[in-house]
Amino acid sequence: MTNSSFLIQNITDSGSQLVSIYSNLSVEAKLGILVPLLLAMISASHTLYKNYRERQKKLRSLFNLTWKNSTSIGKEEVLGNRPFNEYYFFKT
């Protein structure tokens, strides 16, 4: 028996044991297991979604100049607080 087939067999046996244990539990005990798991999944999903929205907001703010006319964009809008050398900044 190879190492991977041994691992697969162990996982299968463990899964079968868990199914048999779970099926013998009362409804209250099953709810006592499922409700915290469900709440943890909802909490994790909410956190991931909140982080995703924050990243999208930051990303959109980086490209907010894309749709402006280039002649109406000032150096402060492009550079923000970053320093610049007047020699390379062309005024039109």
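Preceding block: the structure.
1. Observations concerning the overall build of the protein
- Secondary structure assignment for the protein yields three helices and zero strands.
- In sequence order, the secondary structure elements of the protein are arranged as α-α-α.
- A total of 92 residues make up the protein; the buried ones form 1% of that total.

2. With respect to the packing of aromatic side chains
- Summed over all chains, the structure comprises one aromatic pair.
- One Lys or Arg, K30, reaches over the ring of Y22 and ends 5.2 Å from the middle of that ring.

3. Digging into a nonpolar patch on the surface
- Residues V27, L31, V35, L38, L39, M41 and I42 make up a contiguous nonpolar surface patch of about 690 Å² in total accessible area.
- Along the chain, V35 turns up in helix 2 (residues 27-62).

Calculation criteria
Residues numbered from 1 in each chain as written. Predicted model: local features only at pLDDT ≥ 70, side-chain atom pairs only at ≥ 80, totals over all residues. Heavy atoms only, no water. Helix = DSSP H or I, 4+ residues; strand = E, 2+ residues; numbered from the N terminus. Buried < 20%, exposed > 50% of the residue type's maximum accessible area, 1.4 Å probe, protein only. Phe/Tyr/Trp six-rings, centres within 6.5 Å; stacked < 30°, edge-to-face > 60°. Lys NZ or Arg CZ within 6 Å of the ring centre and 35° of its normal. Patch = residues over 30% accessible without salt bridge, like charges linked within 9 Å, V, L, I, M, F, W, Y side chains within 5 Å. Areas by Shrake-Rupley, 256 points an atom, 1.4 Å probe, with all protein chains shown as cover. Salt bridge = Lys/Arg side-chain N within 4 Å of Asp/Glu carboxyl O.

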